[in-house]
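# Coordinate inspection notes
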Amino acid sequence: MGLNKKEGKIMDREKVKELFDKYTKKLRIVPEWDIRLEFVEDPDWKKTGDFKIDPTDKKAVLMLNAVNPKDENIEETIVHELMHIKMYPLDQVCESMIINMFDEGSKAQNFAYQEFFTTLEVTVEELAKCFLYEFGENKELSYGRMSKIKSFNELYDGLNSIE
C-alpha cells in the first residue's frame, strides 16, 4: 500500500508510524525526547508536515497531513521535520541573535530573518536528503513544490533585451 494520496492510495498509517519510530531512533531523538506522531485530518491545512516543540520539557509533536499531503514521499517529510527538531537549539540561538541585534521591524532585521530561515530550510532539506539517501526505504525525492515554480523561460519571458 502506498504512503500517501499522491499515488492514488490511502496513507498507510501503520507504515508511516514505523518510519517515524525508525527515524526518531536513528536521529537519536528518543529516548531523550518524548515525541509523538499526529495525523492532521483538516482538509484546509496547507502543509505536508510541521512540528510543535517544547524544548524545556523535551516534548515534541510531529504533525503530518493525512488528508492532502503535497509531497510524494512521506518518508522524506518525516525525516525533514525530525531534522528541524535536531536543529532547533541552533535555530533558537540564531533567532535570539537576530531579535537582539536589530531594531524590531527594521529592514535589517527583516533581511536577517529571511536569510536565516531560507538558509535553515535549505540546510534541513539537504541533511534530510543525505539521511534519506543513506537510510531511506524510498529514496525518491519529492518534486511536488516544483509544479508551482516557473521555468527559466517563464521567468524571463517578456523581458526586454539589453541591446
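In this text the structure is predicted, and so the values were computed from the model without any measurement.

Glancing now at a nonpolar patch on the surface. A contiguous nonpolar surface patch, about 310 Å² in accessible area, is contributed by Val93, Met97 and Met101. Summarising the element assignment, methionine 101 is placed in helix α2 (residues 74-101).

A few words now on the pairing of strand β2 (residues 49-54). The pairing of β2 with strand β3 (residues 59-65) spans six bridges and is antiparallel. For isoleucine 53, the partnering residue across the bridge sits in β3 and is alanine 60. From the end of β2 to the start of β3, which pair antiparallel, there are four residues, and lysine 58 there has a positive phi angle of about 50°.

Let us now look at the environment of asparagine 110. By secondary structure assignment, the location of asparagine 110 is in helix α3 (residues 107-135). On a C-alpha basis, the gap between asparagine 110 and isoleucine 98 in space is 9.2 Å, while along the polypeptide they are twelve residues apart.

The subject of this paragraph is the sheet that holds strand β1 (residues 34-40). Across a sheet, paired strands are connected by hydrogen bonds in the backbone, their directions being either parallel or antiparallel. An order of β1-β3-β2 is seen for the three strands of this open sheet, with the pairing classed as mixed. This sheet does not close on itself; its edge strands, each paired only once, are β1 and β2. Going across the sheet, the axis of each strand differs from the next one's by a mean of 20°, ignoring polarity. Bridge analysis of β1 against β3 gives seven bridges, and the strand direction is parallel. Note on β3: the bridge partner recorded for isoleucine 35 is alanine 60. Of the strands in this sheet, β1 and β3 touch helix α1 (residues 13-26), which is tilted by about 150° from β1. Packing of α2 onto the sheet brings it into contact with β1, β2 and β3, and relative to β2 it is tilted by some 25°.

Here the protein averages 87 in pLDDT, and 87% of its residues register 70 or above. The weakest mean pLDDT in the protein belongs to helix α4 (residues 152-156) at 70; the strongest belongs to β1 at 97. Contacts from residues 1-8, a stretch scored under 50 in pLDDT, to residues over four places away or in other chains number 29 contacts.

The general pattern is negative phi for most residues beyond glycine and trans for most peptide bonds. Here the residue pair valine 30 and proline 31 is connected by a cis peptide bond, since its omega of 15° sits within 30 degrees of zero. Mapped onto the fold, proline 31 is located in the loop between α1 and β1. The backbone of lysine 58 sits at a positive phi, close to 50°, despite the residue not being glycine. Structurally, lysine 58 is set in the loop between β2 and β3. Relative accessible area serves as the criterion here: at 28%, lysine 58 is assigned to the partly exposed category.

Calculation rules
- Residues numbered from 1 in each chain as written.
- Predicted model: local features only at pLDDT ≥ 70, side-chain atom pairs only at ≥ 80, totals over all residues.
- Heavy atoms only, no water.
- Patch = residues over 30% accessible without salt bridge, like charges linked within 9 Å, V, L, I, M, F, W, Y side chains within 5 Å.
- Areas by Shrake-Rupley, 256 points an atom, 1.4 Å probe, with all protein chains shown as cover.
- Salt bridge = Lys/Arg side-chain N within 4 Å of Asp/Glu carboxyl O.
- Helix = DSSP H or I, 4+ residues; strand = E, 2+ residues; numbered from the N terminus.
- Pairing = 2+ DSSP bridges.
- Axes fitted to C-alpha atoms, helices over the stretch in contact; angles between N-to-C directions.
- Contact = heavy atoms within 4.5 Å.
- pLDDT = per-residue confidence, 0-100.
- Buried < 20%, exposed > 50% of the residue type's maximum accessible area, 1.4 Å probe, protein only.

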